[in-house]
Amino acid sequence: MSPPTSVLIVTPCFNAARTIDETVFSVIAQAGRFALHYHVQDAGSTDGTVAALKRWDELIRSGRLPVSQAALSFSYDSTPDRGMY
């Protein structure tokens, strides 16, 4: 059997506290024979987005979250920028 396919998904966000939990859950809940690395690139949010991303990071790293892929890793960064475009 061949090794699982690697998939990298990146979500850009800024002040997304209202929707970031739903977004992260939607991505990491995908099931299949693939190794998923999910990265959220935040633009320096000030509304609680970074706190939510930290909670997700801790939950995923703890191993308490059921994984529906061959492997799951998560990362995030929060750095002010000049916008997506």
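Attention in this report is confined to the structure presented alongside it. (Residues numbered from 1 in each chain as written. Predicted model: local features only at pLDDT ≥ 70, side-chain atom pairs only at ≥ 80, totals over all residues. Heavy atoms only, no water.)

Here we come to the nonpolar core. Within the largest apolar cluster, 17 residues are counted, with the highest numbers of intra-cluster contacts made by Ile20, Val24, Ile28, Tyr38, Val40 and Phe74. At the level of secondary structure, the elements contributing two or more residues to this core comprise helix 1 (20-28), strand 2 (34-42), helix 2 (49-62) and strand 3 (71-78). In contact with isoleucine 28, not counting residues within four places along its chain, are Leu36, Tyr38, Trp56, Ile60, Leu65, Gln69 and Leu72. (Core = buried A, V, L, I, M, F, W, Y, C linked by side-chain atoms within 4.5 Å. Buried < 20%, exposed > 50% of the residue type's maximum accessible area, 1.4 Å probe, protein only. Helix = DSSP H or I, 4+ residues; strand = E, 2+ residues; numbered from the N terminus. Contact = heavy atoms within 4.5 Å.)

Between its first and last C-alpha atoms helix 2 spans 20 Å; for 14 residues at 1.5 Å apiece the expected length is 20 Å, and the two agree. Every buried residue of helix 2 is accounted for by Thr49, Ala52, Leu53, Trp56, Asp57 and Ile60. For helix 2, the arc enclosing every buried residue in end-on projection is 140°, short of the 170-degree limit, so these residues lie on one face. Packing partners of the buried residues in helix 2 comprise strand 1 (5-13), helix 1, strand 2 and strand 3. Directly after helix 2, the chain includes glycine 63, whose backbone phi takes a positive value near 80°. (Expected span 1.5 Å × (residues − 1). Arc of directions from axis to C-beta.)

The strand order across the open sheet formed by 3 strands is 1-2-3, and the pairing between neighbours is parallel. Both edges of this open sheet fall to strand 1 and strand 3, since each of them pairs with a single strand only. Within the sheet, the average angular offset between the axes of one strand and its neighbour, ignoring direction, is 15°. As paired elements, strand 2 and strand 3 share 8 bridges and run parallel to each other. Bridge pairing links glutamine 41 to aspartate 77 in strand 3. (Pairing = 2+ DSSP bridges. Axes fitted to C-alpha atoms, helices over the stretch in contact; angles between N-to-C directions.)

Of the pairings in the sheet, the one linking strand 1 to strand 2 comprises 9 bridges and is parallel in character. For serine 6, the partnering residue across the bridge sits in strand 2 and is alanine 35. The handedness of the strand 1 to strand 2 crossover, carried by helix 1, is right-handed. Taking the sense of rotation as the criterion, the β-α-β connection linking strand 2, helix 2 and strand 3 turns out right-handed. (Right-handed = clockwise from strand over helix to strand, strands pointing away.)

This next bit is on the packing of aromatic side chains. In the structure shown here, the tally under the stated rule is 2 aromatic pairs. Connected via pairs of aromatic rings, a cluster forms that spans Tyr38, Phe74 and Tyr76. (Phe/Tyr/Trp six-rings, centres within 6.5 Å; stacked < 30°, edge-to-face > 60°.)

Just geometry here; none of it tells us what the structure is for.
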